[in-house]
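# Summary of structural features
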Amino acid sequence: MSDHVISDARGGLFRRISDWIFRRPNAFLILLFLPPLLWLGVVYIGSLLALLAHAFFSIDEFSGFIIYEPTLSTIAQLFNPANFDVILRTVLMAAAVTIAAAIIAYPFAYFAARYAKGKWKALFYILVMLPLWSSYLVKVYSWKLILAKEGIISWVAAKLHLTWLLDALLATPVLGGPSLSISYFGTFIVFVYIWLPFMILPTQAALERVPANLIEASSDLGGTPGQTFRHVIWPLALPGLIAGSIFTFSLTLGDYIVPQIVGSSAFYLGQAVYTLQGTAGNIPLAAAFTVVPILIMFVYLSIAKRMGAFNAL
Amino acid sequence: MRSNLEPRAPWGLKLAALLCVLFLHVPLLLIFLYAFTTEEKSYQFPPPAYTTKWFAVVWERQDIWDAIWLSVKIASIATAVALVLGTLAAAALWKSRFIGKDYISLLFILPIALPGIITGIALRSAFNVADIPFSMWTIILGHATFCIVVVFNNALARFRRLSGSMIEASMDLGADGFQTFRYVVLPQIGSALLAGGMLAFALSFDEVIVTTFTAGTGVDAKTLPIWMLDELIRPRQRPVTNVVAIFVMCVTFIPILAAYYLTRDAEHTAGAGK
């Protein structure tokens, strides 16, 4: 690098291109933008719109061909009790997972942001990054091992003489099942586990931006720890939690692998879409189903943006 | 200045943080334990006895090697595409102001903000409409779409720390745009790009949802995650899956740790003074 501190002015093609670019910053901007915009704008958004358009077509009940005439009948099918149940179940699961993830993530993020220093801070960061980036399927698989009837949870429960508690949990109507890996509890635990790091990171980032002297000022002015939390820390941490909830909510809405591997046979949105486009060949209804998470996420994102969550990302 | 009277963490908070760490890591450790079990029909805990024979079994299995090789190919090409497009997008968004900029940034995070299944089914129906046969390349196309986001985020974060005055100084000293990029910009964003590339590689190597939609049915379709998914749904030799799981973890951990060390000192980037 050192021998290029002052470079000789170049002539030739490069110089001319460079000068041309320098005089036309807008053209340069367009040149930079064009390839990624073409990829995302045409390939991605194009496919997305093509898919969404299908939601307004319907399928011929007898031949199974798609009728390319605009209709709202496919969208209306979403409100059939069977289909609506799937949507409701998925949204409730996503909400429950988000709340649980926030409750578990907050203390960890607070500790890592306020009390961990130097090497410890780096360690905490790695402790979150490793599970975040380790293989999704490996993580799901590990819970299959844990939740199995002959697995570690049953073993621990037996050792602690708590088998009755586990049995009572599994006997819960609707939510229970023959074993944890075939119940709603299982699906819930696995979702929380898999998306938890997505909640921790933005929460911790938001908490780290809370100036320590603000907290000290609050206690100097006579605020109890509870009041300091409610009036100083919480409002500043909220954008981080909301940023995290974007991930936990959206990822749960669209996931179809977890309920397929761990859970009762009840369908979730992702599975419905997967089966409809695959074996059932009903692309219009599959497309109508995908409209639901897109709509939910757009509403969610616009609320999040208003609450300043994007700055915490 | 920070006060030295930093209060000690209350024990309740420590306990909650510790439990959270255990929750995050014990499941991963169990995978290691189960790779040595002699029990291949169930997930019995504790394992009845221990053996290392499964590692040898995996070594002999050609289908696993094929899956690994396919995943490596796909991840490499998708990462290369993402590096170019993600950097271009970050360079364009950095410092420029124009109407609709917010929407463009939203467009770049959309493939990650929307559930993967939507990306997957949208691409699948587009391939069907355009009569594109499913192959390794359709998988790469899908992977590159969300890998761009990772590179873009990493590059943009570093660009923001890059001081604009350094670029002006370079130009003032007579360097043209290409020289400035080569000798001033690239050395500063290089490690962020490497980190973004590694994360993109790990992400693609591990992707399963978009892959199930963009893959065909032949040998070209069985990436390592798809192979694992088949094993999860229809288990054959369970410990074999564990050995493969350990392998996958190691392959993804190394780039993640490397990416962390590359971006760790980012705050000290030259010229980033307040």
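These numbers come from a predicted model, not from an experiment.

Our next topic: the overall build of chain A. When helices and strands are tallied, chain A shows 14 helices and two strands. For a compact globule of 313 residues, the expected C-alpha radius of gyration is about 20 Å, and chain A comes in at 26 Å, more than 25% above that figure. Dimensions of chain A along its principal axes, counting C-alpha atoms only, are 80 × 70 × 40 Å. Counting only residues that meet the buried cut, chain A has 50% of its 313 residues in that class. Looking at chain A alone, contacts between residues at least 24 apart form 67% of all its contacts between residues at least 6 apart.

Below, the discussion takes up the overall build of chain B. If you tally the helices and strands in chain B, you get eleven helices and zero strands. Tracing chain B from N to C terminus, the helices and strands come up as α-α-α-α-α-α-α-α-α-α-α. Summarising its shape, the C-alpha atoms of chain B cover approximately 70 × 65 × 30 Å along the three principal directions. The buried share of chain B, taken over its 274 residues, is 51%. Nonlocal contacts in chain B, meaning residues at least 24 apart in sequence, comprise 73% of its contacts between residues at least 6 apart. Just so you have it, chain B exposes about 12600 Å², and 65% of that area is on carbon and sulfur atoms. With 21 positive and 18 negative side-chain charges, chain B shows a spacing of 7 Å between the two charge centroids.

Within the largest apolar cluster, 137 residues are counted, with the highest numbers of intra-cluster contacts made by A:Tyr136, A:Ile257 and A:Phe289. Tallying contributions element by element places helix H3 (residues 62–93) of chain B first for this core, with 13 residues. Looking at this core, you find at least three residues from each of domain 1 (2–54) and domain 2 (80–312) of chain A. Sequence-distant contacts of A:Ile257, defined by excluding residues within four places in its chain, comprise A:Tyr136, A:Leu137, B:Val208, B:Ile209 and B:Leu229.

The description of two aromatic rings rests on the distance between their centres and on the angle between their planes. Residues and elements named next belong to chain A. For the structure shown, the criterion picks out 23 aromatic pairs over all chains. Each member of the aromatic cluster is reached from another via a ring pair, and the members are Tyr106, Phe108, Tyr110, Phe111, Tyr115, Phe124, Phe229 and Trp234. Taking NZ or CZ as reference, Arg114 lies 5.8 Å from the ring centre of Tyr115, over its face.

Residue and element names in this part refer to chain A. Judged by side-chain polarity, Trp155, Val156, Leu160, Leu162, Trp164 and Leu165 come together as a nonpolar surface patch covering roughly 570 Å² of accessible area. Elements that contribute at least two residues to the nonpolar patch include exactly helix H7 (152–159) and helix H8 (163–170). With respect to the helices, strands and loops of the structure, Trp164 is situated in helix H8. For Trp164, a relative accessible area of 56% corresponds to the exposed category.

Our next topic: the pattern of salt bridges. Residues and elements named next belong to chain A. A complete count under the given rule lists three salt bridges over all chains for this structure. Between Glu208 and Lys121 there is a salt bridge; the shortest N-O distance is 3.4 Å. With Glu208 in helix H9 (residues 184–208) and Lys121 in helix H5 (residues 119–133), this pair connects stretches of sequence that are 87 residues apart. For Glu208, a relative accessible area of 38% gives the class partly exposed. Residue class for Lys121 comes out partly exposed when judged on its relative accessible area of 26%.

Our focus in this paragraph is the interface of chain B and chain A. Counting residues at the interface gives 95 residues for chain B, matched by 89 residues for chain A. Around 8500 Å² of area is buried between chain B and chain A when both sides are counted, 79% of it from carbon and sulfur atoms. Linking chain B with chain A are zero salt bridges, by the criterion used here. Summed over the shared surface of chain B and chain A, the number is nine residue pairs in polar contact (both at pLDDT 80 or more). The element best represented in the side of chain B that touches chain A is helix H1 (residues 11–34) of chain B, accounting for 14 residues. Taken together, the residues of the side of chain B that touches chain A sort by class into 71 nonpolar, 15 polar and nine charged.

What follows concerns the packing of H1(B) against helix H11 (residues 238–264) of chain B. All names here are of chain B. Where H1 meets H11, the closest approach of the two axes is 8 Å, and the angle between their N-to-C directions is 130°. Accordingly, the angle class assigned to the pair H1 and H11 is oblique. Note that H1 runs across H11; the crossing there is left-handed. Contacts from Leu28, Ile31, Phe32 and Tyr34 of H1 reach H11 at Pro239, Asn242, Ala245, Ile246 and Met249. Its residues assigned to classes, the contact of H1 with H11 comprises eight nonpolar, one polar and no charged.

The next point concerns the confidence of the model for chain A. In the predicted model, chain A carries a mean pLDDT of 83, and the fraction of residues at 70 or more is 95%. Per-element confidence in chain A is highest for helix H4 (residues 81–114) of chain A, whose mean pLDDT is 92, and lowest for helix H1 (residues 12–23) of chain A, whose mean pLDDT is 75.

What follows concerns helix H10 (residues 212–220) of chain A. All names here are of chain A. Those residues of H10 that fall on the buried side of the exposure criterion are Ala212, Ile215 and Ser218. Viewed along the axis of H10, the buried residues span an arc of 125°, placing them on a single side of the element. Against the buried residues of H10 lie H4 and helix H11 (225–254). One or two steps after H10, the chain reaches Gly222, where phi turns positive at roughly 95°.

Residues and elements named next belong to chain B. Confidence in the prediction for chain B averages 81 pLDDT; 93% of positions are at 70 or higher. When mean pLDDT is taken per element in chain B, H3 scores highest with 89 and helix H4 (residues 101–113) scores lowest with 76. Below pLDDT 50 for its whole length, residues 1–5 participates in three contacts with residues either more than four positions away or in separate chains. Low pLDDT, under 50, characterises residues 267–274; the predicted model gives this stretch six contacts beyond four residues in sequence or across chains.

The next subject is the environment of B:Glu168. With respect to the element layout, B:Glu168 can be found in helix H7 (residues 164–172). Looking at B:Glu168, the relative accessible area reads 52%, which means it is exposed.

Reading the values: the criteria
- Residues numbered from 1 in each chain as written.
- Chains lettered and ligands numbered in written order.
- Predicted model: local features only at pLDDT ≥ 70, side-chain atom pairs only at ≥ 80, totals over all residues.
- Heavy atoms only, no water.
- Helix = DSSP H or I, 4+ residues; strand = E, 2+ residues; numbered from the N terminus.
- Rg over C-alpha atoms; globule rule 2.2 N^0.38 Å.
- Buried < 20%, exposed > 50% of the residue type's maximum accessible area, 1.4 Å probe, protein only.
- Contact = heavy atoms within 4.5 Å.
- Areas by Shrake-Rupley, 256 points an atom, 1.4 Å probe, with all protein chains shown as cover.
- Lys, Arg positive; Asp, Glu negative; His and termini not counted.
- Charge placed at Lys NZ, Arg CZ, Asp CG, Glu CD.
- Core = buried A, V, L, I, M, F, W, Y, C linked by side-chain atoms within 4.5 Å.
- Domains from an automatic or database assignment.
- Phe/Tyr/Trp six-rings, centres within 6.5 Å; stacked < 30°, edge-to-face > 60°.
- Lys NZ or Arg CZ within 6 Å of the ring centre and 35° of its normal.
- Patch = residues over 30% accessible without salt bridge, like charges linked within 9 Å, V, L, I, M, F, W, Y side chains within 5 Å.
- Salt bridge = Lys/Arg side-chain N within 4 Å of Asp/Glu carboxyl O.
- Buried area = accessible area lost by both parts, 1.4 Å probe.
- Polar contact = N/O pair within 3.5 Å; in protein donor to acceptor, adjacent residues only side chain to side chain.
- Nonpolar A, V, L, I, M, F, W, Y, C, P; charged D, E, K, R; others polar.
- Axes fitted to C-alpha atoms, helices over the stretch in contact; angles between N-to-C directions.
- Parallel < 35°, antiparallel > 145°, perpendicular 65-115°, else oblique.
- Left-handed = near helix turned anticlockwise from the far one by under 90°.
- pLDDT = per-residue confidence, 0-100.
- Arc of directions from axis to C-beta.

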